[in-house]
Amino acid sequence: MDVIELRSDNAAGAAPEILESIVAANTGTAIAYGADDVTARLHDVVREVFEHDDARVFPVTSGTAANALALSALVPPWGAVLCHETAHIINSEGGATSLLAGGAVMRGVAGDDFRMSPEHLRRTLASVGWGDPHSSQPTALSFTQPTDRGTIYTVDQIAELTAIAGEYELRAHLDGARIANALVALGCSPADMTWRAGIDVVSLGATKNGGLSAEAIVVFDDDAAEELVYRTKRSGHVTSKMRFQSAQLIAYLTDDLWRRLAGNSNERMRELTRGLAQIDGVELLNRPDVNMVFARLAEDHIDRLEAAGLLFYRMGPGVIRLVTNWSTTPDEIERALEIIAA
Ligand SMILES: Cc1ncc(COP(=O)(O)O)c(C=O)c1O
């Protein structure tokens with residue numbers, strides 16, 4: 001049966017441009033562990049794309065590693081990371097941040113639409129027992145951008161929250177597992193969404209958007225960068241053939257490939273939600289800013305979609321999640337809508 005992939009952007013393959021970059025890097029030999037020319041070039045590319053002369057970049061192999069390592073450089077073992085209560089780092093990474101940060105905890109901050117709100121962040125910060133050894137001490141604020149439910153923070157919202165956190169000397173991290181989808185949706189520059197809005201460290205995702213186990217930590221804070229030199233090694237992320245990750249990341253960030261790939265997934269999602277909104281028996285649970293939609297349907301309707309070859313995640317009784325990816329075609333969306341409407 002011909003299936004239509006709408007489970008996850010992780011289910012998609014790698015983009016041809018990414019595969020070509022690996023082949024192109026596969027000539028001759030190169031010094032190991034990131035001391036190679038390709039990784040040096042990656043630094044230049046990141047500094048240009050993020051418009052930051054001192055940015056440092058650490059390629060890693062997964063988004064979980066990027067988040068946990070990035071945050072471990074921002075919090076002491078007795079520290080706490082504040083994030084939205086639905087954030088991936090708190091719910092879906094098996095406590096990796098606590099492990100790599102020597103036991104630091106994560107504290108959920110409430111807010112509508114899966115975003116921390118200024119009011120709740122202020123309330124959480126005011127409730128901390130500062131200087132009290134019985135209380136974990138928050139030293140980092142983490143944004144998931146886009147959120148796990150497909151919403152996004154505007155640049156102003158990020159700046160407002162980092163300013164509040166800055167009053168308590170927290171540094172800020174952005175989980176950008178799907179950062180390109182957010183950049184396309186906002187139409188802003190990487191610099192505006194990150195360091196100019198008060199972000200110190202970014203988990204730069206590529207795997208979900210056409211990469212092949214290539215993610216990176218982009219750091220604008222010198223102290224965090226110095227720690228990551230050692231923390232990436234101790235956690236096994238200074239890979240010997242780093243040039244193949246670096247080559248992918250260069251290709252990804254060059255000629256707007258990351259935006260083009262994310263632009264396709266966002267556009268296909270717009271087509272999908274436009275169609276879903278017209279179908280009786282389908283209730284949209286979010287208005288997606290990026291490439292992810294949640295919908296409520298009758299259970300027997302969901303069973304029929306599965307039987308017809310539509311691939312998606314069941315999130316709970318009567319609720320499904322549909323995700324488009326860099327390779328989703330307009331024809332696949334048309335066929336998906338026909339199946340759902342049938
Ligand atoms: C928002 C977000 N952050 C981080 C991750 C972790 O990425 P990985 O699965 O590569 O560890 C995911 C994965 O689904 C994610 O959705």
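Residues numbered from 1 in each chain as written. Predicted model: local features only at pLDDT ≥ 70, side-chain atom pairs only at ≥ 80, totals over all residues. Heavy atoms only, no water.

### Section: the environment of proline 118
Residue position: proline 118 is located in helix 6 (residues 118–126). Between the C-alpha atoms of proline 118 and glutamine 157, which are 39 residues apart in sequence, the distance is 8.4 Å. In this view, proline 118 contacts Glu160, Leu161 and Ile164; residues no more than four positions away in its chain are not counted. (Helix = DSSP H or I, 4+ residues; strand = E, 2+ residues; numbered from the N terminus. Contact = heavy atoms within 4.5 Å.)

### Some words on the pattern of salt bridges
Pairing between side chains of opposite charge can happen when the charged atoms of each approach one another. Per the counting criterion, the structure on display carries 19 salt bridges. As a salt-bridge pair, arginine 122 and glutamate 167 come within 3.3 Å of each other at their nearest N and O atoms. Placement of the pair is arginine 122 in helix 6 and glutamate 167 in the loop between helix 7 (155–166) and strand 6 (171–176), with a sequence separation of 45 residues. Among the residues examined, glutamate 167 registers a relative accessible area of 52% and is labelled exposed. Of the charged contacts in the structure, one is a salt bridge between glutamate 271 and arginine 268, with a shortest N-O distance of 2.6 Å. Taken as a pair, glutamate 271 and arginine 268 lie in helix 12 (residues 257–276) at a separation of three residues, close to a single helical turn. Taken together, the shared-partner salt bridges connect Glu299, Asp303, Glu306 and Arg314 into one network. (Salt bridge = Lys/Arg side-chain N within 4 Å of Asp/Glu carboxyl O. Buried < 20%, exposed > 50% of the residue type's maximum accessible area, 1.4 Å probe, protein only.)

### Some words on the domain arrangement of the protein
Along its sequence, the protein is organised into domain 1 (4–12 + 258–341) and domain 2 (16–256). Distance from the C-alpha centre of domain 1 to the C-alpha centre of domain 2: 28 Å. Taken residue by residue, the interface counts 18 residues in domain 1 and 30 residues in domain 2. Here domain 1 packs against domain 2, burying approximately 2200 Å² in sum over the two surfaces, 54% of which is carbon and sulfur. Linking domain 1 with domain 2 are two salt bridges, by the criterion used here. (Domains from an automatic or database assignment. Buried area = accessible area lost by both parts, 1.4 Å probe.)

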